[in-house]
Amino acid sequence: MDDQFANTLPSAAPTEAALRTWETPSRDEQLCRYQGLFAQPDCNIFTADTPDEILLAARLRVAQRSRG
């Protein structure tokens, strides 16, 4: 697996570079990457947040990153 792909996490708001990186590997490599990420302990943390609240928080983080 290419180092750039190994260091690129899935995102609700990916950059163009991240999209290109995720298009490179095969479907099987992409699935293995997702499975590895979902196997991490912090993926088993439950939240009371609604999907809309999670999306809003993600959008705010993206907006903050774009401002510097």
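**What to know about the overall build of the protein**
A count of helical and extended segments in the protein gives 4 helices and 0 strands. Taken from N to C terminus, the helices and strands of the protein fall in the order α-α-α-α. Looking at the 68 residues of the protein, the share that counts as buried comes to 13%. When the accessible surface of the protein is summed, it comes to about 5800 Å², and 55% of that surface belongs to carbon and sulfur atoms.

**Description of the environment of Ile54**
When you line up the elements, Ile54 lands in helix H4 (residues 51–66). With residues near it in sequence (within four places) discarded, Ile54 still touches Thr47 and Asp49.

**Observations concerning the confidence of the model for the protein**
Of all residues in the protein, 90% have pLDDT values of 70 or greater, and the mean over the chain is 83. Ranking the elements of the protein by mean pLDDT puts helix H1 (residues 3–6) last with 66 and H4 first with 90.

Thresholds, definitions, all that
Residues numbered from 1 in each chain as written. Predicted model: local features only at pLDDT ≥ 70, side-chain atom pairs only at ≥ 80, totals over all residues. Heavy atoms only, no water. Helix = DSSP H or I, 4+ residues; strand = E, 2+ residues; numbered from the N terminus. Buried < 20%, exposed > 50% of the residue type's maximum accessible area, 1.4 Å probe, protein only. Areas by Shrake-Rupley, 256 points an atom, 1.4 Å probe, with all protein chains shown as cover. Contact = heavy atoms within 4.5 Å. pLDDT = per-residue confidence, 0-100.

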